[in-house]
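This is what each chain is made of:
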Amino acid sequence: MVSRRELLIVMVGAAVALVTPSHAQQIIMVERGSPERKAILDVVRAAVQRRLGIKVIFQVERLAVLGDWAFAGLRPRTETGGRIDYRRTLYAKNFDPEQDSDTVDVLLRRKGAAWTIVEEAFLPTDVVWEEWQRKYKLPRALFFVE
């Protein structure tokens, strides 16, 4: 038989676990060659290839996971690793070489075993993750190392 005190301790512990903020979890940098890295990059690659109309690989600037959240700061490259001439892609009419960056920032969330894109900034001209940080109550350290 469980005493009232023991039951109260279990209930308080469960409540604390439910309200523990995401920033209390550990941020993990996803290493090259890991299955998780491949799963995340494959999801992003499919979206970028649809937008550009060409096959791409990524130069990974940052790939961090916090619980069921992931942030990918990437530079799309041609299959041979060269810089993409966006004027020769499906994105050509929207590309402004004077303004657009050469990056893709993506916020993903794991649902079950699969990653899905929550937010995407394609060739952003500003720091987009600050808004994502506030909107989803995620720690700055997921997006940026100070």
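So, a few notes on the structure that sits alongside this text.

It is worth spelling out the packing of aromatic side chains at this point. Under the definition given, this model contains eight aromatic pairs. For the pair Trp-129 and Phe-143, a centre-to-centre distance of 5.6 Å together with 5° between the ring planes defines the contact as stacked. One end of the pair, Trp-129, is in helix H3 (residues 129-136); the other, Phe-143, is in helix H4 (residues 140-143), and 14 residues separate them in sequence. Accessibility classification places Trp-129 together with Phe-143 in one group, the buried group. Taken together through their ring pairs, the aromatic side chains of Phe-71, Trp-129, Trp-132, Phe-143 and Phe-144 make up a single cluster.

This next bit is on the layout of surface pockets. In this structure, the largest pocket encloses a volume near 240 Å³. Residue lining of the largest pocket: 13 residues in total, with Glu-61, Phe-71, Asp-105, Trp-129 and Phe-143 positioned closest to the centre. When contributions to the lining of the largest pocket are tallied by element, the ones reaching two or more residues are strand E2 (57-66) and strand E3 (69-77). Per element, the largest residue contribution to the lining of the largest pocket is four residues, and it comes from E3. In the lining of the largest pocket, the residues fall into seven nonpolar, two polar and four charged.

It is worth spelling out helix H2 (residues 35-52) at this point. Its 18 residues place the ends of H2 25 Å apart at the C-alpha level, agreeing with the 26 Å of an ideal helix rising 1.5 Å per residue. Looking only at H2, the buried set comprises Arg-37, Ile-40, Leu-41, Val-44, Arg-45, Ala-47, Val-48 and Leu-52. Looking at the buried positions of H2, the neighbouring elements they touch are E2, E3, strand E4 (104-111) and strand E5 (114-122). Trailing H2 by a residue or two, Gly-53 shows a phi angle of about 80°, which is positive.

Before going further, it helps to examine the side chain of Arg-45. Mapped onto the secondary structure, Arg-45 falls in helix H2. Leave out the neighbours within four places in its chain, and Arg-45 touches Val-56, Ile-57 and Phe-58.

Tracing the backbone through its elements, the reader meets Lys-55 in the loop between H2 and E2. The exposure class of Lys-55 is exposed, given its relative accessible area of 52%. Once the C-alpha coordinates of Lys-55 and Thr-78 are considered, the two residues, 23 residues apart in sequence, prove to be 6.8 Å apart. Excluding anything up to four places from it in sequence, Lys-55 contacts Gln-49, Arg-77, Thr-78 and Glu-79.

This part is about the environment of Glu-119. Within the secondary structure, Glu-119 is located in strand E5. Since its relative accessible area comes to 17%, Glu-119 is described here as buried. Residues Glu-119 and Leu-107, spaced twelve residues apart in sequence, show a C-alpha to C-alpha distance of 5.1 Å. Separated by 2.9 Å, the side chains of Glu-119 and Lys-135 make a polar contact.

Bringing H3 into the picture now. Every buried residue belonging to H3 is among Trp-129, Trp-132 and Gln-133, and all of these are buried. All buried residues of H3 lie within an arc of 105° about the axis, which places them on one face of the element. In the segment just after H3, Lys-137 is the residue with positive phi, at about 55°.

The rules behind these values
Residues numbered from 1 in each chain as written. Predicted model: local features only at pLDDT ≥ 70, side-chain atom pairs only at ≥ 80, totals over all residues. Heavy atoms only, no water. Phe/Tyr/Trp six-rings, centres within 6.5 Å; stacked < 30°, edge-to-face > 60°. Helix = DSSP H or I, 4+ residues; strand = E, 2+ residues; numbered from the N terminus. Buried < 20%, exposed > 50% of the residue type's maximum accessible area, 1.4 Å probe, protein only. 1 Å grid on protein atoms, 1.4 Å probe; cavity = no way out; pocket = protein on both sides within 12 Å on 5 of 7 lines; lining within 4 Å. Points joined across faces, edges and corners; volume = space filled by probe spheres on them. Nonpolar A, V, L, I, M, F, W, Y, C, P; charged D, E, K, R; others polar. Expected span 1.5 Å × (residues − 1). Contact = heavy atoms within 4.5 Å. Polar contact = N/O pair within 3.5 Å; in protein donor to acceptor, adjacent residues only side chain to side chain. Arc of directions from axis to C-beta.

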